[in-house]
Amino acid sequence: MNKAVSPDCSLWVKLMTVTVTIGFFLVSTCSAQRALFRTESQSPLEMLVKERVKRAVCPQGIITPQMTTQLLLPIRYPAADLDPCLSDEVLANNLTQLGNLAFNVDQLLVLKSRLTQLYPSGLPQEQLKQLGYIITVYGPGDVSRWNITDPDILASVLQNSPTPNLTNIIVSNYLREPGVLNTAALNAIGGKLLCTASEEKLRTILPTDLKNTNPLNISTCTQLKKDILYGIAKDAFEDRSGNLSANYRQINSYLGGAPAIDLQRLAAANVNMDIETFLNLNPVEVVKLSAQEVRDLLGVNLPKLKENESDPLVQAWIRTHSQADVRSLGVGLSGGRPSEQEFELGHFDFAEGHNSASSNHLGLQCSFLVGVIIIAIQRVL
């Protein structure tokens, strides 16, 4: 048999329920307000740190320094795992090893982003040297802010430069900075980009550094820059000036700035200059060479002049030499200016022909007169 609930008890239960509900609402509201206050009072740096901590959950083991040399590391840690599993300390202290691993583009972008956070003012030179493959995800805007003045670091960075455009930007920045043009820098830059340097910068190259540099192709340089580099090269190899053949092999790539007197010395040594080097000589100096000097300078390569007859340098030499000199080369070149002797001979032939015709006409007249006289005499007799 059920007992009826008393009215007093029922009222008490209802009051307790309302009280608990109101209390819960007040507690929740206060908690929310406190949380909002804490959020608004945090500095941006504190919020960034908390966000980093929130997402820094490594789903597998943290990457240790020993693991940075493992070739399979890029496979074990995709881009999503690489960020939370790689500490700043390991990244900074093992950048060279990480830069040599075959990460994909997404992974390399993660490494680039982390380096930007580590060095917000820009990567120091030492870190640039250690980038390795990471440099491939840096764009022109990033590279233009690099301040490279160390030639060894320049050489290392250029070795991993992914595109000619980035290489041009890196070299252009270096040439504007106080970085030296020593052997390491010259070998890294190469002749073509070296030609973009100012004349003042080129004059800072020491003969000893140029002597130890690989041969540079300076064919794209202006004539003034060729002259500067030839002067330095001549000083660099002057200790071999007694052996002109050896000197030619050493100084060959810089002869575009050589004066005529030096070309004449090489011609006397019969160096058999290749046609490519000849065509890159200074035209102003080449036209000063005689036909015999051109023949001696080119040697066995003389017949190739005919193949390059239309080249501006060859045409310049032809125009400034007589037809006899041009023909004397014996390679079939045509052109040249008429010599005074040839002009006089032509005039003499014309005059001789004119005088001969006059003489024949006079002879006919004399013969006619003699005939008339003979007939007249016969009639008188």
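Before any of the text, the structure's been laid out above.
Treat the numbers as computed from the prediction; the structure is a model and nothing was measured.

1. What to know about unusual backbone geometry
Turning to step 1, where the next piece is worked out: One non-glycine residue with positive phi stands out, namely Asn270, at about 50°.
Turning to step 2, where the next piece is worked out: Relative to the elements of secondary structure, Asn270 occurs in the loop between α17 (260–268) and α18 (275–279).
Turning to step 3, where the next piece is worked out: Residue classification places Asn270 among the partly exposed positions, given a relative accessible area of 47%.

2. Brief notes about the pattern of salt bridges
Turning to step 1, where the next piece is worked out: If you walk through the whole model with that rule in mind, you get 7 salt bridges.
Turning to step 2, where the next piece is worked out: Its salt-bridge partner being Arg145, residue Asp142 comes within 3.3 Å of it at the nearest N-O pair.
Turning to step 3, where the next piece is worked out: By sharing partners, the salt bridges in this structure join Asp83, Asp88 and Arg114 into a single network.

3. Re α17
Turning to step 1, where the next piece is worked out: The set of residues buried in α17 consists of Ala260, Asp262, Leu263, Leu266 and Ala267. Angularly, the buried residues of α17 cover 160° about the axis, an arc narrow enough to put them on a single face. The outward face of α17, more than 90 degrees from its buried face, is lined by the exposed residues Ile261 and Ala268.
Turning to step 2, where the next piece is worked out: The inward-facing, buried residues of α17 abut α15 (223–236), α16 (244–251), α19 (283–286) and α20 (291–298).
Turning to step 3, where the next piece is worked out: Phi turns positive, to about 50°, at Asn270, one or two residues after α17.

4. Digging into helix α10 (residues 151–159)
Turning to step 1, where the next piece is worked out: Among the residues making up α10, those that are buried are Pro151, Ile153, Leu154, Ser156, Val157 and Leu158.
Turning to step 2, where the next piece is worked out: Elements in contact with the buried residues of α10: α8 (125–129), α11 (164–176) and α12 (183–194).
Turning to step 3, where the next piece is worked out: You can read the cap of α10 off the contacts: a side-chain oxygen lies 2.8 Å from the backbone nitrogen of Asp152, and it is on Asp150.

5. Looking at the side chain of Gln127
Turning to step 1, where the next piece is worked out: With respect to the element layout, Gln127 can be found in helix α8.
Turning to step 2, where the next piece is worked out: If near-sequence neighbours (up to four positions away) are discounted, Gln127 is found in contact with Leu95 and Tyr119.

6. Remarks on the side chain of Asn282
Turning to step 1, where the next piece is worked out: Checked against the element boundaries, Asn282 lands in the loop between α18 and α19.
Turning to step 2, where the next piece is worked out: Using a relative accessible area of 10% as the deciding quantity, one classes Asn282 as buried.
Turning to step 3, where the next piece is worked out: Ignoring any residue separated from it by four or fewer positions in sequence, one finds Asn282 in contact with Gln223 and Gly256.

Reading guide: rules and limits
- Residues numbered from 1 in each chain as written.
- Predicted model: local features only at pLDDT ≥ 70, side-chain atom pairs only at ≥ 80, totals over all residues.
- Heavy atoms only, no water.
- Helix = DSSP H or I, 4+ residues; strand = E, 2+ residues; numbered from the N terminus.
- Buried < 20%, exposed > 50% of the residue type's maximum accessible area, 1.4 Å probe, protein only.
- Salt bridge = Lys/Arg side-chain N within 4 Å of Asp/Glu carboxyl O.
- Arc of directions from axis to C-beta.
- Contact = heavy atoms within 4.5 Å.
- Polar contact = N/O pair within 3.5 Å; in protein donor to acceptor, adjacent residues only side chain to side chain.

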